[in-house]
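A closer look at the structure
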Amino acid sequence: MRWIVILIPLILFSACTHYEQVLIPTVCEIPKREKPTSSGDILKDLKSILMYSESIEQDLNFCRGEYRPP
C-alpha cells in the first residue's frame, strides 16, 4: 500500500515536464548593407536585388557560424 502512495505522485508529476527550445541572442559585428536603388532597367534592378539578398544571407550564415566561402 505504501508503494501506491509513492507511485501516484511520481506519475502525476512526471507528466508535467515541458521542454522548449530557448534561443540565445548573439552579437555579430557586421556593417549594415545599403539597399539597391531603382535604376529603371528591370534586369539590372533584379540582378542588384538578388546580389543584395545573397550578401545578406551570407552575413547571416557568418553570424550563425555556418559560413561557407562562395
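The preceding data block contains the structure.
All of the points below concern the structure found in this document. A quick note: this is a predicted structure, and the numbers were derived from the prediction, not measured.

**Concerning the pattern of salt bridges**
When charged atoms on two side chains of opposite charge get close, those side chains can pair. With the rule as written, the count across this model stands at one salt bridge. R33 is paired through a salt bridge with D59; the nearest N and O atoms lie 2.7 Å apart. With a gap of 26 residues between them, R33 in the loop between α1 (2–14) and α2 (42–64) and D59 in helix α2 connect regions that are remote in the sequence. Relative accessible area serves as the criterion here: at 37%, R33 is assigned to the partly exposed category. Relative accessible area serves as the criterion here: at 15%, D59 is assigned to the buried category.

About the cut-offs
- Residues numbered from 1 in each chain as written.
- Predicted model: local features only at pLDDT ≥ 70, side-chain atom pairs only at ≥ 80, totals over all residues.
- Heavy atoms only, no water.
- Salt bridge = Lys/Arg side-chain N within 4 Å of Asp/Glu carboxyl O.
- Helix = DSSP H or I, 4+ residues; strand = E, 2+ residues; numbered from the N terminus.
- Buried < 20%, exposed > 50% of the residue type's maximum accessible area, 1.4 Å probe, protein only.

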